[in-house]
Amino acid sequence: MTDTRYTTLPQWPNAYPASGAGATLKLLNEDFIVTELPLQLPSGEGEHIWLDIEKNGANTAFVAQQLAEATNVNERDVGYAGLKDRHAITRQWFSIYLPKGETPDLTLLRHPEFSVLRQSRHVKKLRPGDLQGNRFRIVLRDVTGDRDTIEANLKAVASHGVPNYFGAQRFGHDGGNVEQGRAMLAREIRVRNPKKKGIYLSAVRSFVFNEVLALRIHQGLWGKTLAGDVMDEAGRPTGPLWGRGRVITTDQARALENGVAERHAALCDGMEHAGLDQERRSLVASPAEMSWEWQQADQLVLTFSLPAGNYATSVLNEILRTTEPDRHSENEPAAVE
């Protein structure tokens, strides 16, 4: 891949040997159940109404729009911590800024794709990132391949974690958000919509992070600490979320990261000039409380939790190859974070 066009995503390497197995993912909405793990629960007082909502076949932005219409507020007054899949059953909190008047009973709101389970007031609006993580229950159907090999990868993932790649949904259909981001940073296109601009910047930044992580795996450095690494709070090595400021790694780690930055100089220079600051992200995602059960010979059920910003697809990709029913929607937002 050159520094001039990013028309396809590379095949980033896995940490573990490919199992050769395959399965169908999200054949039914109930095959992918996500429960948000909130940072806090509402206190019972304040200017914001918090709603615990279960969605079935609806994306987060759609529900936010419906809540705004139902309460006659601007959509910007509806908050949520993270985007969740549409083709799933997901449970998450929303907030609505309603400081005056009587509190409407939104548990009475009826919609075929979501329901309000409970509500309470709180002093703060929910903002992106205001969550601990997500709990997943995933049913994999039509599983093919050797069960012993699948089990070996399951045990490896449970013990050692997986590469903390940003998922494909971060990059848009066929990875198109990266090329759009490159064109925007190169001033070949003008993006006026702040939301789209943020999506493109995020895609470019995530791409460079994935390239650093992929290079470490290519070089046999998965699960290893390099001289000069910057560690996270759990003692795991981190990779760069590119932006302004000096790279804070040293020695081998800095050399590796700067080498990737040189290969994608237009992207990295563009992010610096766009005003993004250097940040770090763990190179390892560690699923918690991971368990699995073979409900049938060709049906595997997985349960695990991940911190905010980690992708369930990164876990699945290290176990087997999954395919979903063809129902792509070009305007579908990224999820789950």
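Our structure's up above, just so we're on the same page.
Residues numbered from 1 in each chain as written. Predicted model: local features only at pLDDT ≥ 70, side-chain atom pairs only at ≥ 80, totals over all residues. Heavy atoms only, no water.

Caption draft 1: Expanded view of the nonpolar core. Ranked by size, the top nonpolar core spans 64 residues in total, and within it Ile138, Leu140, Ile150, Phe304 and Ile319 carry the most contacts. If you tally residues by element for this core, the top one is helix α4 (residues 194-218), at eleven residues. In this structure, Leu140 is in contact with Ala23, Thr24, Leu25, Asp298, Gln299, Leu300, Leu302, Leu316, Leu320 and Thr322, ignoring residues within four places of it in sequence. (Core = buried A, V, L, I, M, F, W, Y, C linked by side-chain atoms within 4.5 Å. Buried < 20%, exposed > 50% of the residue type's maximum accessible area, 1.4 Å probe, protein only. Helix = DSSP H or I, 4+ residues; strand = E, 2+ residues; numbered from the N terminus. Contact = heavy atoms within 4.5 Å.)

Caption draft 2: The arrangement of the layout of surface pockets in detail. Space inside the second largest pocket adds up to approximately 290 Å³. Forming the boundary of the second largest pocket are Met184, Leu185, Arg187, Ile189, Arg190, Val191, Lys197, Leu201, Gly270, His273 and Ala274. Counting only elements with at least two residues in the lining of the second largest pocket, the list comes to α3 (176-185), α4 and α6 (265-273). (1 Å grid on protein atoms, 1.4 Å probe; cavity = no way out; pocket = protein on both sides within 12 Å on 5 of 7 lines; lining within 4 Å. Points joined across faces, edges and corners; volume = space filled by probe spheres on them.)

Caption draft 3: Molecular detail of the packing of α3 against α4. Here α3 crosses α4 at 105°, and the two axes come no closer than 8 Å. With respect to their mutual orientation, α3 and α4 come out roughly perpendicular. Two secondary-structure elements touch here, α3 through Asn177, Val178, Gln180, Gly181, Arg182, Met184 and Leu185 and α4 through Lys197, Ile199, Tyr200, Leu201, Ala203, Val204 and Phe207. In terms of residue class, the contact of α3 with α4 is built from nine nonpolar, three polar and two charged. (Axes fitted to C-alpha atoms, helices over the stretch in contact; angles between N-to-C directions. Parallel < 35°, antiparallel > 145°, perpendicular 65-115°, else oblique. Nonpolar A, V, L, I, M, F, W, Y, C, P; charged D, E, K, R; others polar.)

Caption draft 4: Region of the structure containing empty space enclosed by the protein. What the rule picks out here adds up to two cavities of 30 Å³ or more. By volume, the second largest cavity amounts to about 50 Å³. What lines the second largest cavity is simply Leu213, Arg216, Leu221, Trp222, Gly223, Lys224, Pro237, Leu283 and Val284. The residue makeup of the lining of the second largest cavity, split by class, is six nonpolar, one polar and two charged.

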